[in-house]
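# Geometric and topological summary
Chain by chain, the residues run as shown.
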Amino acid sequence: KLLSTGAFETIRLETTEASDTQLDLTLHLTEAKARGYSFSAGFGSFEGFILGARYHDRNFGGRLWNLTAGTEITSLGILGEVGLTDPFFLERDWRFHNRAYLVTRDFDNYRKLEGGVSSDLSWKNGEHYSASLGAQLSFSSVSSPIPDELIGPSDYALQRISFNQTYDLRDDPALPSNGWFARLDTSIGLALGDQSVGFLESEAQISYYKKLSEKSAYSAGLRAGIIIPTGDDEDLPIDLRKFLGGSNTIRSFPEREMGPDFD
């Protein structure tokens, strides 16, 4: 947990036997360089080229807060964001993350400009269960050749409250070979525009991993999502709707390209 803050370069525990029933434990910490810059470059099948730059201060205000500011440029648009994270909120094992952002995206048949702020509080209960509670306020402007009656409001404010839960029984979260993983994300929101509409959104995932031998393993997964508006489907802003296709849904179709086209 301490290493994940990025504020420490090394952490070493020294153990000395004090008696038959007692141990003296000494924790040796080496502080890492708090401030720094990073640059990134890459390419994705959906995003196209990706260029990024980021500044971080892992001990902002001398309180172990993590301040980040950065920008990312891709073929789809530009993202700028500032984040501030308290890894031990209220001196407890809670992570409190705040973010302000401005993003542009140029998808097929519509473009959007979005800016907003969000906060989320995450915690663990026991070894396997973790949860987070979040809130978001954003403003979006959408332009498209598609008729307004089909894409929903073009300018709207979004208010959202979310509750996400994870139950992880995998032997390794990065490279699992055995165990179960389950996730359930639920949120309620309200899009305020010329055609205001509320909605309930939920997405669930369950995965199973089994190592068969030193050279073989088996894994299976199921993922599903749904969004239910309070009004007609066409009243929901187009950029809040679900799109199929790509590596996370139906891989035989390109990203967001399964479904009807508009010419």
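Residues numbered from 1 in each chain as written. Predicted model: local features only at pLDDT ≥ 70, side-chain atom pairs only at ≥ 80, totals over all residues. Heavy atoms only, no water.

## Side note on the side chain of Asp57
Heads up, the rule is: In this text, helices come from DSSP runs of H or I with a minimum length of four residues, and strands from runs of E with a minimum of two, each type numbered from the N-terminal end. Between N or O atoms, a polar contact is any pair within 3.5 Å; within protein, one atom must be a potential hydrogen donor and the other a potential acceptor, and residues adjacent in sequence are included only when both atoms are from side chains. Residues count as neighbours in contact if any of their non-hydrogen atoms are within 4.5 Å of one another.
Along the chain, Asp57 turns up in strand β4 (residues 48–60). Of note is the side chain of Asp57, whose polar atom sits 3.5 Å from the backbone nitrogen of Phe60. If near-sequence neighbours (up to four positions away) are discounted, Asp57 is found in contact with Ala34, Arg35, Trp65, Asn66 and Leu67.

## Quick look at the environment of Gly245
Keep this limit in mind: For every residue, the accessible area obtained with a 1.4 Å probe (protein chains only) is divided by the maximum for its type, and the residue is called buried under 20%, exposed over 50%, and partly exposed between those limits.
Here Gly245 lies in the segment after β13 (216–229). The exposure class assigned to Gly245 is buried, which follows from its relative accessible area of 3%. Counting along the chain gives 234 residues from Gly245 to Ile11, while the straight-line C-alpha distance between them is 44 Å.

## Some details on a nonpolar patch on the surface
So the rule is basically this: Distance thresholds for patches are 9 Å for like charges and 5 Å for nonpolar side chains (Val, Leu, Ile, Met, Phe, Trp, Tyr), applied to residues having over 30% relative accessible area and no salt bridge. Using a 1.4 Å probe, accessible areas were evaluated by the Shrake-Rupley method; residue-level cover was limited to the displayed protein chains. Throughout this description, the term salt bridge denotes a Lys or Arg side-chain nitrogen within 4 Å of a carboxyl oxygen of Asp or Glu.
On the surface, Leu3, Ile11, Leu13, Leu23, Leu25, Leu27 and Leu29 cluster together to form a nonpolar patch covering roughly 660 Å² of accessible area. Among the elements of the structure, β1 (8–17) and β2 (23–31) are those that each provide at least two residues to the nonpolar patch. Ranked by the residues each element gives to the nonpolar patch, the list is headed by β2, at four residues. Mapped onto the secondary structure, Leu29 falls in strand β2. The class of Leu29 is partly exposed, set by a relative accessible area of 41%.

## Considerations on the pairing of strand β11 (residues 179–193)
Worth spelling out the cut-off: In this scheme, strands are said to pair when DSSP sees at least two bridges between them.
Both strand β10 (residues 155–168) and β11 contribute to a ladder of 13 bridges, which runs antiparallel. Residue Asp168 lies in a different strand from β11, and its bridge partner there is Phe181. Note that β11 and strand β12 (residues 197–213) share 13 bridges and pair antiparallel. If you follow Leu184 over to β12, its bridge partner there is Ala204.

## Some remarks on the sheet that holds strand β3 (residues 35–44)
This is how it is decided: Axis definition: a line fitted to C-alpha atoms, limited for helices to the stretch in contact. Angles are taken between N-to-C directions and run from 0 to 180 degrees.
Spatially, the 11 strands line up as an open sheet ordered β3-β4-β5-β6-β7-β8-β9-β10-β11-β12-β13, and their pairing is antiparallel. Sheet topology places β3 and β13 at the edges, where each strand pairs with a single neighbour. On average, adjacent strands in this sheet sit at an angle of 15 degrees to one another, irrespective of strand direction.

## Focus: the pattern of salt bridges
According to the stated counting rule, one finds 14 salt bridges in the structure shown. One salt bridge connects Lys112 with Glu114, and the closest N-O pair in it is separated by 2.7 Å. As far as burial versus exposure is concerned, Lys112 and Glu114 are alike and both buried. For Lys211, the salt bridge goes to Glu214, with nearest N and O atoms at 3.7 Å. Connected via shared salt-bridge partners are Arg160, Arg183, Asp185, Glu201, Glu203, Arg223 and Lys242.

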